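One-letter residues, chain by chain:
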Amino acid sequence: MVEPTIQGVLDTILHALPWLLTGTAVGALCARPLWAGVARSGRTANKPSASDTAQTVDVSARETLHHRLETALEGMRDDDGAPALVVLNFDNFRFVNDGFGHTTGDAVLAEAAKRIRGALRHSDTSARIGGDEFLVLLQSTGGAAPALVVAERLRATVSQPYDIDGKRFQLSASVGIALAPRHGRTAAELTRSATAAMSAIKRRGGDSVELPTVITTSDASERLRLEAELRQALERGEFELHYQPKFTLANGTPTLIGAEALLRWDHPERGLMPPAAFMQIAEETGLIVPIGDWVLQESLKAVKRWNSDASSPGTPLTVAVNLSFKQFDRVGFFEFVRDSLHDAGVQPSLLELELTESMVMHNPDNTVGVMRRLRSLGVRFSIDDFGTGHSSLGLLKRLPVQSVKIDRSFMQDVPVSDDDTAIALAILGLAHTLGMEVVAEGVETESQLAFLRVRGCDAVQGFLLGRPMPEAEFRSTLERTARPTESSSDLAAGMPLMAAAVTVDGD
């Protein structure tokens, strides 16, 4: 049987609402009907490495497509009879090899190639150019509208479920399409334009078809400019950290126990930029490593100051730091964290490192090993955005993790929505059964807070109790927020700086 994944459990749990809504989340999780549907959960895949794909990419098909494209461009007369080039790339195709093996990954891509050929005319040409990316030449399009129809047909056909050796995959794809001569008069120009359109779709979440626009075709120069500025931002001191407070519900009343460090870039022209505006470039260029190291070291200095400022003894405040895969997976990361803790004079138990499910799945053996070494020092771990990835339950049991975080997307309509309520209850039941604490993100209403308190959620973060803020403002409110008050409304009223410190939302 295919091992269940977290996402599969959450998908299937919606069919168990009668049990969940009566408070028997754990019982529903253990019921046989839950596991029966989990085989549907293998919905994402992993790009094969260069060595793996070299044997499966059809080089002759690629050369044939290029030759036919050059010939078509030489003979084109107008838009109606001109060729079009399609770039199709699967969304989040990163986990099939790691989760199900290279043989399964190649089988999925072979089936996709077969479907693409079946959706084309005899005069059209398709080729897999590496990894999970395909090129398609449409010899004579008849204009933008017919070309878009074909591109949408390709997207739809590769998005149909795949059944490979008893495993079922549901994939989506981003499809960019460029028309000659409108978007380029050479093969290189058309490829750049179609790829720019495809990349723009991916940045918005994927699963769509798009023609190039002025914005997408200018993305390359804009990206190069932003990359150059990003390389200088660290040495110029343009990064800063904001801290979102975290509260325990152990005593029924929200009590401050620490904060999560959130990166901001104070760009000299664009102003305060959240990570979503630059983190993809940082990841792809490797700049995420020095930036992430700076975040960790600055966060340790901050938590040292917070606890030094404390006017009375009590439970020390902690700081949570998000990690990137490249930062965590590099050689020497354990030693870097150990030395940073020593240099800052911070007890390891005051540091919590947050990993996503996809990070854990990327290289699980190495990840578990490094986590165990850091855990032996006393460092705590949590799984961020729990339920949005595809980690297996078997792997989750192996991880030295102390807490999981319910993603804000699951909290948005709690307790009004039966579906969101069911998912929140499922995560609470599963995590507590495995001996883990649960932190709910995105708590914005009193009804959400009351629901979480009654259901035994361990800790919360959200705008109801505190927005992310610069450290100076966070420190100025520590003494006031550390004292329990009668209700969450009184608590929020007693911390005006937390309630309206900044207007930059999220991570």
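Everything below is about the structure printed above this text.
Residues numbered from 1 in each chain as written. Predicted model: local features only at pLDDT ≥ 70, side-chain atom pairs only at ≥ 80, totals over all residues. Heavy atoms only, no water.

Chemist: I'd like a description of the overall build of the protein chain, backed by residues and values.
Modeler: Check the secondary structure of the protein chain and you find 25 helices and 17 strands. Burial analysis of the protein chain (507 residues in total) assigns 52% to the buried set. Long-range contacts, defined here as pairs at least 24 residues apart, represent 71% of the contacts in the protein chain between residues at least 6 apart. Split by element, the accessible area of the protein chain, about 21900 Å² in all, is 52% carbon and sulfur. (Helix = DSSP H or I, 4+ residues; strand = E, 2+ residues; numbered from the N terminus. Buried < 20%, exposed > 50% of the residue type's maximum accessible area, 1.4 Å probe, protein only. Contact = heavy atoms within 4.5 Å. Areas by Shrake-Rupley, 256 points an atom, 1.4 Å probe, with all protein chains shown as cover.)

Chemist: Mind laying out the pairing of strand 15 (residues 437–440), listing which residues take part and the relevant values?
Modeler: As paired strands, strand 14 (residues 403–406) and strand 15 are joined by 4 bridges and run parallel to one another. Looking at strand 15, one finds that Val404 is bridged to Val438. In this sheet, strand 16 (residues 459–460) lies alongside strand 15 in parallel orientation, the contact comprising 2 bridges. Paired with Val439 across the bridge in strand 16 is Ala459. Handedness of the strand 15-helix 22 (residues 446–454)-strand 16 crossover: right-handed. (Pairing = 2+ DSSP bridges. Right-handed = clockwise from strand over helix to strand, strands pointing away.)

Chemist: Residue-level account of helix 9 (residues 144–158), with values.
Modeler: Every α-helix winds through 3.6 residues per turn, so residues three or four apart in the chain are directed the same way. Over its 15 residues, helix 9 extends 21 Å from the first C-alpha to the last, a length consistent with the 21 Å expected when each residue adds 1.5 Å. Those residues of helix 9 not exposed but buried are Ala144, Ala147, Val150, Ala151, Leu154, Arg155, Thr157 and Val158. On its buried face, helix 9 is in contact with strand 1 (84–90), helix 8 (102–118), strand 3 (133–138), strand 4 (162–164), strand 6 (173–179) and strand 7 (208–210). (Expected span 1.5 Å × (residues − 1).)

Chemist: Describe the packing of helix 16 (residues 333–344) against helix 18 (residues 364–377), with residues and values.
Modeler: Running from N to C, helix 16 and helix 18 cross one another at 20°; their axes reach a closest spacing of 10 Å. Comparing their axes, helix 18 and helix 16 come out roughly parallel. With respect to the hand of their crossing, helix 16 and helix 18 are arranged in right-handed fashion. Along its contact with helix 16, which presents Phe333, Phe334, Glu335, Val337 and Arg338, the element helix 18 presents Val370, Arg373, Leu374 and Leu377. Across the contact of helix 16 with helix 18, the residue classes tally to 6 nonpolar, no polar and 3 charged. (Axes fitted to C-alpha atoms, helices over the stretch in contact; angles between N-to-C directions. Parallel < 35°, antiparallel > 145°, perpendicular 65-115°, else oblique. Left-handed = near helix turned anticlockwise from the far one by under 90°. Nonpolar A, V, L, I, M, F, W, Y, C, P; charged D, E, K, R; others polar.)

Chemist: Break down the sheet that holds strand 2 (residues 125–130) for me, with residues and values.
Modeler: Spatially, 5 strands are ordered 2-3-1-6-7 in an open sheet, and the strand pairing comes out mixed. Every interior strand has two partners, whereas the edge strands, strand 2 and strand 7, have only one. Averaged over neighbouring strand pairs, the angle between their axes works out to 20° when direction is ignored. By the bridge criterion, 3 bridges tie strand 6 to strand 7 in an arrangement that is parallel. Bridge pairing in strand 7 places Val175 opposite Val209. Strands strand 1, strand 2 and strand 3 of the sheet are contacted by helix 6 (residues 59–75), whose axis makes an angle of about 125° with strand 2. Helix 10 (residues 187–203) contacts strand 1, strand 3, strand 6 and strand 7 of the sheet and is inclined by roughly 145° relative to strand 6.

Chemist: If you had to explain the environment of Val321 to someone new, which residues and values would you point to?
Modeler: Of note, Val321 is situated in strand 11 (residues 318–322). With 61 residues separating them in the primary sequence, Val321 and Glu260 have C-alpha atoms 6.2 Å apart. Ignoring sequence-local partners within four residues, the contact set of Val321 consists of Val295, Leu296, Ser299, Leu351, Glu352, Leu353 and Glu354.

Chemist: Just give me the short version of the packing of aromatic side chains, but keep the residues and values in it.
Modeler: Under the counting rule described, the total for this entry stands at 9 aromatic pairs. Between Trp265 and Phe278 the ring centres are 5.4 Å apart and the planes differ by 85°, which places this aromatic pair in the edge-to-face class. Remark: Phe278 occurs in the loop between strand 10 (271–273) and helix 13 (279–285) and Trp265 occurs in strand 9 (residues 255–267); sequence separation between them is 13 residues. In this structure, Trp265 and Phe278 share a single accessibility class: buried. Geometrically, the ring pair formed by Phe328 and Phe333 is tilted, given 5.3 Å between the ring centres and 55° between the ring planes. You can call Phe328 buried: its relative accessible area is 2%. Its end group placed over the ring of Phe334, Arg373 keeps NZ or CZ at 3.9 Å from the ring centre. One Lys or Arg, Arg467, reaches over the ring of Phe463 and ends 4.0 Å from the middle of that ring. (Phe/Tyr/Trp six-rings, centres within 6.5 Å; stacked < 30°, edge-to-face > 60°. Lys NZ or Arg CZ within 6 Å of the ring centre and 35° of its normal.)

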